[in-house]
Structures are given as C-alpha cells and as structure tokens.
Amino acid sequence: MATISFFCRKIVLAYYVGGLKPDDEDPGEAEARALNYESRKDYLEALFNGEKQEINRRFKNAARRLFAQAGLDFDRSPPSALFDSFVRLVNQLPEPWLRWLQSNLKE
C-alpha cells in the first residue's frame, strides 16, 4: 500500500503542481519542481542527506497547492474530501501518465 501511495503522490504532484507534460519522459523533474527544488538532482541530494523534515514540509506545501486547485483546504478539509479529490485527480491524469502509474504499480 505504501508503494501505491508513493507513486500516486509522485505523479499527481508532478502533473498538477510541477507542470508535468504528457510527452515528458520522466516525472522526476516535475516532481522536484512541485516540491520547490531547483532540480531533480537537488531533490535526490536532500533524500540522500536524510533531510526528512524539510522534504515532509515541502510535500505538505505542495499538497496545499494541489488541493487549493480543487477548492479544498489541506489543513481544514475533512480527510474524506481530500481522499475523494485525490482519487479524482488520479483518474483524470492523461493517458501516458496513467499508463506510467499502472506500469510502476505492477513491478
């Protein structure tokens, strides 16, 4: 379940917040943009350096921006509303990214 959650968050944030385009080859750069890193390299460096609190803070800020697009307040909306909105966002991903998500979940 954690793997499914990870890949769904990665692609949803990359697409809706980081500007991922259907013809991009890899969501990594867009995911880094969604988290306000200069590049994927900077994001990976933060991961390898164990900057867990900083990464979590950036994820929460990206989630706030994501749910604001759907008219929800990440900090005040009921968890069920956030979950339902997230599922809709996953289902509305362009076909190339739905296929990417499905292929990564099968591995």
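In the block above lies the structure referred to throughout.
This section reports on the structure supplied with the text. (Residues numbered from 1 in each chain as written. Predicted model: local features only at pLDDT ≥ 70, side-chain atom pairs only at ≥ 80, totals over all residues. Heavy atoms only, no water.)

## Looking at the overall build of the protein
The secondary structure content of the protein amounts to 6 helices and 0 strands. Listing every helix and strand of the protein by position from the N terminus yields α-α-α-α-α-α. Taking 2.2 N^0.38 as the reference for a compact globule, 107 residues should give roughly 13 Å; the C-alpha atoms of the protein span a radius of gyration of 14 Å, in line with that estimate. For the protein, the C-alpha atoms occupy an extent of roughly 35 × 30 × 25 Å along the three principal directions. A fraction of 48% describes how many contacts in the protein between residues 6 or more apart in sequence connect residues 24 or more apart. (Helix = DSSP H or I, 4+ residues; strand = E, 2+ residues; numbered from the N terminus. Rg over C-alpha atoms; globule rule 2.2 N^0.38 Å. Contact = heavy atoms within 4.5 Å.)

## A few points about a nonpolar patch on the surface
On the surface, a nonpolar cluster with roughly 330 Å² of combined accessible area is contributed by Met1, Ile4 and Leu105. Note on placement: Leu105 falls in helix α6 (residues 95-106). (Patch = residues over 30% accessible without salt bridge, like charges linked within 9 Å, V, L, I, M, F, W, Y side chains within 5 Å. Areas by Shrake-Rupley, 256 points an atom, 1.4 Å probe, with all protein chains shown as cover. Salt bridge = Lys/Arg side-chain N within 4 Å of Asp/Glu carboxyl O.)

## Concerning the packing of aromatic side chains
For the structure on display, the rule yields 6 aromatic pairs. Ring centres 4.9 Å apart and planes at 90° place the aromatic pair Tyr15 and Tyr16 in the edge-to-face group. Given a relative accessible area of 24%, Tyr15 falls into the partly exposed group. Centroid distance Trp97 to Trp100: 6.1 Å. Interplanar angle 65°. Geometry classified as edge-to-face. Of this pair, Trp97 and Trp100 both sit in helix α6, separated by 3 residues, roughly a single helical turn. By relative accessible area, which is 3% here, Trp97 ends up buried. (Phe/Tyr/Trp six-rings, centres within 6.5 Å; stacked < 30°, edge-to-face > 60°. Buried < 20%, exposed > 50% of the residue type's maximum accessible area, 1.4 Å probe, protein only.)

## Some words on helix α5 (residues 79-91)
The first and last C-alpha atoms of α5 sit 18 Å apart over 13 residues, in line with the 18 Å expected at 1.5 Å per residue. Looking at α5, one finds that the buried residues are Leu82, Ser85, Phe86, Leu89 and Val90. The buried residues of α5 all sit within an arc of 140° when viewed along its axis, so they share a single face. In α5, the exposed residues that point more than 90 degrees away from the buried face are Phe83 and Asn91. (Expected span 1.5 Å × (residues − 1). Arc of directions from axis to C-beta.)

## Some remarks on the pattern of salt bridges
Overall, the coordinates contain 7 salt bridges when judged by the stated rule. Here Arg40 makes a salt bridge to Asp26, at a shortest N to O gap of 2.6 Å. Placement of the pair is Arg40 in helix α3 (residues 40-48) and Asp26 in the loop between α1 (2-16) and α2 (28-34), with a sequence separation of 14 residues. In this structure Arg40 comes out as partly exposed when scored by relative accessible area, which is 31%. Look at the salt bridges and you will find they share partners, linking Glu54, Arg57 and Arg58 into a network.

## Side note on the nonpolar core
Within the largest apolar cluster, 31 residues are counted, with the highest numbers of intra-cluster contacts made by Ile11, Val12, Leu66, Leu93 and Leu101. Residue assignment for this core shows that the elements contributing at least two residues are α1, α2, α3, α4 (52-69), α5 and α6. In terms of residue count, α1 provides more of this core than any other element does, 7 residues in total. Residues within four places of Leu66 in sequence aside, it is in contact with Val12, Leu13, Tyr16, Val17, Phe86 and Leu89. (Core = buried A, V, L, I, M, F, W, Y, C linked by side-chain atoms within 4.5 Å.)

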